[in-house]
Amino acid sequence: MSDDYDVVVVGAGPAGYPAAIRAGQNKLKVACVDEWQNTDGSYAFGGTCLNAGCIPSKALLESSELFQRAKDEFATHGIKVGEVTLDLGAMQKRRASVVKTMTNGINALFKANGVVGIQGHGKLLPGNKVLVKAADGTEKTLEAKNVILASGSTPIRLRSVPHDGKFIVDSWNALEFDTVPKRLGVIGAGVIGLELGSVWRRLGSDVVVLEALEQFLPMVDQTIAKEAQRHFKRQGLDIKLGAKVLSAAVSGNAVDVTYSDAQGEHSLQVDKLVVAVGRRPFTEGLLAEGTGVQLDERGFIKVDEHCGTSVPNVWAIGDVVRGPMLAHKGKEEGVMVADLIAGHYGEVNYKVIPSVIYTQPEIAWVGQTEEQVKASGRPYKTGSFPFAASGRARAMEAGAGMAKIVSAKDDDEVLGIHVIGPMAGELIAEAVLAMEYSASTEDIQRTIHAHPTLSEAIHEAALAVDKKAIDSINR
Ligand code: FAD
Ligand code: AMP
């Protein structure tokens, strides 16, 4: 096969591989280059999300939740089991096997859609060429009518907290611990810090989360954030707000951490310390001199609303460009760009991107928080419904949390839907669809929801917006 392509994608994470697949579906000649290498030296497509992010974290969240429920909840259901014990080796083996199944799936999808998958490093050269250094060391230059850069992101490291991969670790290392740390420190109470803290707490660690900000989950509707904070506290997650980590150093088999808060300086000793203070765009070794591709002041590749860079026919998508660092956001950008290249219609509705935190209870939202709507000055109304009043949630022994809707007072448009509770990440799909179709609150009120289901909480929250809830008292 010649080395001329219609499209070369650099990066096969959840942004890059869907772009390549859609390009193949659009009958374009496409190659996708990816350099991801696992800790055992194997190469795999799928990027951070499949190998070290979304998928392994959800595998462990599921296993650890089952472990904790078997210990604490089965008796409530009248199920007697013997002593519940942990086989972390088996749990980690399952996690690895879930990941492998998913990453192998990409090879099959590439084949079925005519995508040439190349394992190796890609570097954009001037003139829309990509220099590929393959895993076996061979080099070749691919000519491309279009290049899509999807090189993703990498964890932010703190200079005063030197990473060693063993005691002071990042989120990837923290997914692969082979023993349960007795004392676990987590820096950052963001999505990743809370998910990892939850996994290891359920498996038995004493977890302290140090968060520099005074406010808990500032991006989340504060009614929901406050409810979440209560539950996490009850679960034994020690979340210290306003606690800025100053330094950490390995000492023997432990880590000494210092942090400051309003009361002054403190020290803390843990067995492992996870740094989860966010991620930064990854562009190391991606752009040769003179390509003309511009980065912004934070290192993201500059793009327009259609993900075009400053160079014609060079596009960039996913975590390496502005916007939320979420797999599904990158996927939609990849599909949009591959469609635009083929001359089709393509657009991403950045106003309607769902977010999910896979803790227990789960947290999910789409659109604006009440605080954001208030700040915008638009008159609004809200309604909420507690899962405690949901028959299905009660039957599941999962009555914690609520669904909340924020709507415009003037034309009844739904502005934001916020859920904390069982399967919130699944329930939010209805909210996303409603907002994608610019639903009014009345549209949701008039939509029949099956009984008894968790989704009735969204229906009842919509009714509550106009004080018409049936299954809870309207306030
Ligand atoms: P990446 O997934 O980072 O993929 C980029 C790929 O490009 C990598 O394989 C990289 O090796 C490769 N690459 C980079 N440079 C080159 C080069 N020059 N040549 C060849 N290859 C290159 N998001 C969610 O939506 N839901 C979740 O539940 C979720 N959970 C997460 C949990 C954790 C612990 C972490 C760390 C992240 C999580 N995320 C989640 C975020 C999600 O993983 C990212 O938003 C997503 O992976 C970004 O996709 P991407 O394709 O832009 O980049
Ligand atoms: P996210 O960007 O959602 O992954 O969250 C990362 C969190 O880490 C943010 O809430 C930051 O405030 C927090 N953070 C960053 N640096 C520090 C630090 N030195 N000490 C404690 N928390 C920090």
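Here is a short report on the structure shown in this document. Keep in mind that what you see is a predicted model, and the values were worked out from it rather than measured. (Residues numbered from 1 in each chain as written. Chains lettered and ligands numbered in written order. Predicted model: local features only at pLDDT ≥ 70, side-chain atom pairs only at ≥ 80, totals over all residues. Heavy atoms only, no water.)

To continue, consider the overall build of the protein chain. When helices and strands are tallied, the protein chain shows 13 helices and 21 strands. Its C-alpha atoms give the protein chain a radius of gyration of 24 Å, near enough to 23 Å, the size a compact globule of 475 residues would have. Each principal axis of the C-alpha distribution contributes one length, and for the protein chain these read about 65 × 60 × 45 Å. In the protein chain, which comprises 475 residues, the proportion classed as buried is 51%. Here the protein chain contributes 50 positive and 58 negative side-chain charges, whose respective centroids are spaced 2 Å apart. (Helix = DSSP H or I, 4+ residues; strand = E, 2+ residues; numbered from the N terminus. Rg over C-alpha atoms; globule rule 2.2 N^0.38 Å. Buried < 20%, exposed > 50% of the residue type's maximum accessible area, 1.4 Å probe, protein only. Lys, Arg positive; Asp, Glu negative; His and termini not counted. Charge placed at Lys NZ, Arg CZ, Asp CG, Glu CD.)

Let us now look at the pattern of salt bridges. Taken as a whole, this structure holds 24 salt bridges when the rule is applied. D206 is paired through a salt bridge with R201; the nearest N and O atoms lie 3.6 Å apart. Take D206: its relative accessible area is 41%, and that puts it in the partly exposed class. Since its relative accessible area comes to 25%, R201 is described here as partly exposed. (Salt bridge = Lys/Arg side-chain N within 4 Å of Asp/Glu carboxyl O.)

All right, on to the site of ligand 2 then. Within the structure, ligand 2 sits among 15 residues, and G188, E211, A212, A243 and V245 are positioned closest to it. A212 has a polar backbone atom sitting 3.0 Å from a nitrogen atom of ligand 2. For ligand 2, the accessible surface in isolation is 510 Å², of which the surrounding protein chains cover 74%. (Near = heavy atom within 4 Å. Polar contact = N/O pair within 3.5 Å; in protein donor to acceptor, adjacent residues only side chain to side chain. Areas by Shrake-Rupley, 256 points an atom, 1.4 Å probe, with all protein chains shown as cover.)

All right, on to helix α13 (residues 456-465) then. In an α-helix, one full turn covers 3.6 residues, which means residues spaced three or four apart are oriented alike. Counting buried positions along α13 yields 10 of 10 residues, so the element is predominantly enclosed. Residues E456, A457, I458, H459, E460, A461, A462, L463, A464 and V465 constitute the buried set of α13. Residues of α13 that are buried in the fold lie against β19 (380-386), β20 (402-408), β21 (414-421), α11 (424-436) and α12 (441-445). K467 lies just past α13 and shows a positive phi near 55 degrees. (Contact = heavy atoms within 4.5 Å.)

What follows is about the packing of helix α1 (residues 16-25) against helix α4 (residues 88-112). As a packed pair, α1 and α4 sit with axes 9 Å apart at the nearest point and diverge in direction by 20 degrees. With respect to α4, the element α1 is oriented roughly parallel. Note that α1 runs across α4; the crossing there is left-handed. Across the interface between the two elements, Y17, A20 and I21 from α1 touch I106, L109 and F110 from α4. The residue inventory of the contact of α1 with α4, partitioned by class, reads six nonpolar, no polar and no charged. (Axes fitted to C-alpha atoms, helices over the stretch in contact; angles between N-to-C directions. Parallel < 35°, antiparallel > 145°, perpendicular 65-115°, else oblique. Left-handed = near helix turned anticlockwise from the far one by under 90°. Nonpolar A, V, L, I, M, F, W, Y, C, P; charged D, E, K, R; others polar.)

Now for the environment of F74. Looking at the element boundaries, F74 is found in the loop between α3 (54-72) and α4. Looking at F74, the relative accessible area reads 27%, which means it is partly exposed. Residues contacting F74, with those up to four places away along its chain left out, are R69, I79 and V81.

Inspection of the entire model under this criterion finds one disulfide. With no disulfide of its own, C32 has C49 as its nearest cysteine by sulfur position, at a separation of 14 Å. (Disulfide = S-S within 2.5 Å.)

By the definition in use, this model includes four aromatic pairs. Between F216 and F232 the ring centres are 6.1 Å apart and the planes differ by 80 degrees, which places this aromatic pair in the edge-to-face class. Of the two residues, F216 is situated in the loop between β9 (206-210) and α7 (222-234) and F232 in helix α7; the sequence distance between them amounts to 16 residues. Residue class for F232 comes out buried when judged on its relative accessible area of 0%. (Phe/Tyr/Trp six-rings, centres within 6.5 Å; stacked < 30°, edge-to-face > 60°.)

Next up on the list: the site of ligand 1. If you check the shell around ligand 1, you find 37 residues, and the closest are D34, T48, K58, G122 and A327. Within the backbone of E35, an N or O atom sits 3.1 Å from a nitrogen atom of ligand 1. At 3.4 Å from an oxygen atom of ligand 1 is found a side-chain nitrogen or oxygen belonging to H328. In the complex, the protein chains occlude 95% of the 1000 Å² of accessible area that ligand 1 would expose alone.

What follows concerns the packing of α1 against helix α8 (residues 327-341). For the pair α1 and α8, the least separation of the axes is 7 Å and the interaxial angle reads 30 degrees. As judged from the angle between their axes, α1 and α8 are roughly parallel. The two elements α1 and α8 meet at a crossing, and its hand is right-handed. The segment α1 lies against α8, with P18, A19, R22 and A23 engaging K331, G334, V335, A338 and D339. Across the contact of α1 with α8, the residue classes tally to five nonpolar, one polar and three charged.

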